[in-house]
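Letter by letter, the chains look like this.
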Amino acid sequence: MYGILQQQYCSLCFVMFWTPNVSEKILVDIIGVDFAFAELCVVPLRIFSFFPVPVTVRAHLTGWLMTLKKTFVLAPSSVLRIIVLITSLIVLPYLGVHGATLGVGSLLAGFIGESTMVAIAACYVYRKQKKKRNENEAATEGEDSAMTDMPHTEEMTDIVEMREENE
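The structure displayed is predicted, hence computed values, not measured ones.

Trainee: Describe the packing of aromatic side chains, and please don't skip the residues or the numbers.
Mentor: Counted according to the given criterion, the structure contains 3 aromatic pairs. Between F48 and F51, the ring centres sit 5.1 Å apart and the planes meet at 35°, which makes this aromatic pair tilted. By relative accessible area, F48 is classed as partly exposed at 31%. A ring pair is formed by F51 and F111, whose centres lie 5.5 Å apart and whose planes are at 75°; its orientation type is edge-to-face. Here the residue F51 occupies a position in the loop between α3 (35-48) and α4 (52-67), and F111 occupies one in helix α6 (residues 99-142), the gap between them amounting to 60 residues. Here F51 matches F111 in class, with each residue buried.

See below:
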């Protein structure tokens, strides 16, 4: 459900903010701001339209890791988010980015950094689970005990039929 809402939100943002003159028209006609101010808002709104992508990735992977009770791997992501946010607030002004564009761009950079770290943590947990699963399969294949070998389904039906005949 959450993914569908994020998809619709992302589509709405792209239609409203990337279609020429639509965002200015909404800002001027519906909200009632000056046209000069509306022109200043276009670039930050376009940057803002990319927010659903990293937020969806982060939310999905965080939920998966929380169901596995592997939240310890999520701790570095918030630290990285703050580091990326502060770094972008320092670097972007040297590149000529100021005002609302600086703020929204830095927030987006922080979310992308956090989502990347959560994705790396999810890959780590997934590989660890896969390795553990492979080790368990190798251990079960190596055992020749009659206790660990399960009979095939045909053998099970034969056993059940034999019991029914004897009764």
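The rest of the description comes next.
Trainee: Please give an account of the environment of Y124 that cites residues and values.
Mentor: With respect to the helices and strands, Y124 occurs in helix α6. In sequence terms Y124 and V73 are 51 residues apart; their C-alpha atoms lie 8.7 Å from each other.

Trainee: Please provide a residue-by-residue account of the confidence of the model for the protein, values included.
Mentor: Looking at the protein as a whole, its pLDDT mean stands at 82, while 80% of the residues score no less than 70. Element-level mean pLDDT values for the protein span from 53 in helix α7 (residues 153-166) up to 94 in helix α5 (residues 75-91).

Trainee: Give me the lowdown on the side chain of S115, citing residues and values where you can.
Mentor: With respect to the helices and strands, S115 occurs in helix α6. On the accessibility criterion, S115 (6% relative accessible area) is buried. The contacts of S115, once residues within four sequence positions are left out, are P54, V55 and R58.

Analysis parameters
- Residues numbered from 1 in each chain as written.
- Predicted model: local features only at pLDDT ≥ 70, side-chain atom pairs only at ≥ 80, totals over all residues.
- Heavy atoms only, no water.
- Phe/Tyr/Trp six-rings, centres within 6.5 Å; stacked < 30°, edge-to-face > 60°.
- Buried < 20%, exposed > 50% of the residue type's maximum accessible area, 1.4 Å probe, protein only.
- Helix = DSSP H or I, 4+ residues; strand = E, 2+ residues; numbered from the N terminus.
- pLDDT = per-residue confidence, 0-100.
- Contact = heavy atoms within 4.5 Å.

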